[in-house]
Amino acid sequence: MTTLRLFPLSTVLFPRMTLPLQIFEERYMQLINECIDNNESFGVVSIKSGNEVGEVLPEIYKVGTTAKINKTLFDRTGMILIETIGIQRFEILDIISEEPYLTANIKLLNEIDSLDESIFLDISKAYKEFIKFSEIASGSFAIDKTIPTQPGELADSIAVKAITFWDKKKLQKILEELDSMNRLNAVKPIMKTILSYAEKEAKEKIRKLKAESSNLN
């Protein structure tokens with residue numbers, strides 16, 4: 001059992017996901033400063049109901065992800081800008097303090113490894129296609145081409161691609177699923193959606209390039 005400072009947010013943080021934050025509320029500035037001073041991580045938990053800011057603490061989910069601070073910038077306005085990365089899932093056992101921020105006893109959660117090789121290979125192939133189309137659409141080779149070699153990591157990588165548009169409750173359920181193959185099956189609809197979108201964007205990019213080339217001739 002570990003004690004952890006909690007940062008409720010209107011998003012879902014997955015392991016290996018980068019999350020930039022702008023800290024301006026006093027209690028969370030204290031939280032971040034204490035983490036920096038003690039070289040400690042904090043826990044990101046998704047808000048079930050309520051707001052990120054304000055006097056009333058929001059209702060939160062019990063499963064979140066520990067966040068390590070990678071970069072820190074103290075703004076002239078007094079705001080703290082940080083870049084964090086998700087490390088490991090955890091479950092809240094009980095809240096031990098609400099002042100000045102939430103602090104909880106937590107249990108770190110480990111992956112339940114399972115593998116259906118056929119499904120894993122199919123989704124890996126789709127992910128490779130997604131990266132190829134994304135490169136074409138963006139006109140950049142700077143896109144991360146890393147293909148996760150484990151089902152759980154692949155599932156998390158796919159879920160991260162949908163953070164800005166997928167239903168948050170569904171993403172939270174994916175976060176809470178510890179069985180790697182169950183999680184991989186759960187992200188199939190996301191993989192289908194992002195692959196279709198990336199392919200459409202790539203074809204549009206090629207069409208525009210061909211049109212520009214024709215105009216030059």
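### Brief notes about the overall build of the chain
Across its full length, the chain carries six helices and seven strands. When the elements of the chain are put in sequence order from the N terminus, they spell out β-β-α-β-β-β-β-β-α-α-α-α-α. In terms of overall dimensions, the chain has C-alpha extents of about 65 × 45 × 30 Å along its principal axes. A separation of at least 24 residues holds for 69% of the contacts in the chain among residues at least 6 apart in sequence. With an accessible surface of roughly 12,500 Å², the chain has 51% of that area assigned to carbon and sulfur atoms.

### Regarding the packing of aromatic side chains
Per the counting criterion, the structure on display carries four aromatic pairs. Between F7 and F42, the aromatic rings sit 5.9 Å apart at their centres with planes inclined by 45°, giving tilted as the arrangement. Residue F7 is found in strand β1 (residues 2–9), and its partner F42 is found in strand β3 (residues 42–49); the two are separated by 35 residues along the sequence. Accessibility assignment for this pair places F7 and F42 in one class, buried. With 6.0 Å between their ring centres and 75° between their planes, F165 and W166 make a pair best called edge-to-face. Accessibility expressed as a relative area gives 45% for F165, which makes it partly exposed. Cluster of aromatic residues (ring-pair linked, three or more members): F7, Y28 and F42. Against the face of F133 rests K132, its NZ or CZ located 5.0 Å from the ring centre.

### So, unusual backbone geometry
At the junction of E99 and P100, the peptide bond is cis and its omega measures out at -5° in the coordinates. Locating P100 in the fold gives a position in the loop between β6 (80–97) and β7 (103–108). Non-glycine residue R16 carries a positive phi angle of around 75°. Inspection of the secondary structure assignment puts R16 in the loop between β1 and β2 (18–23). On the accessibility criterion, R16 (43% relative accessible area) is partly exposed. Here the phi dihedral of N39 falls at roughly 55°; this positive angle occurs in a residue that is not glycine.

Cut-offs used in this document
Residues numbered from 1 in each chain as written. Predicted model: local features only at pLDDT ≥ 70, side-chain atom pairs only at ≥ 80, totals over all residues. Heavy atoms only, no water. Helix = DSSP H or I, 4+ residues; strand = E, 2+ residues; numbered from the N terminus. Contact = heavy atoms within 4.5 Å. Areas by Shrake-Rupley, 256 points an atom, 1.4 Å probe, with all protein chains shown as cover. Phe/Tyr/Trp six-rings, centres within 6.5 Å; stacked < 30°, edge-to-face > 60°. Buried < 20%, exposed > 50% of the residue type's maximum accessible area, 1.4 Å probe, protein only. Lys NZ or Arg CZ within 6 Å of the ring centre and 35° of its normal.

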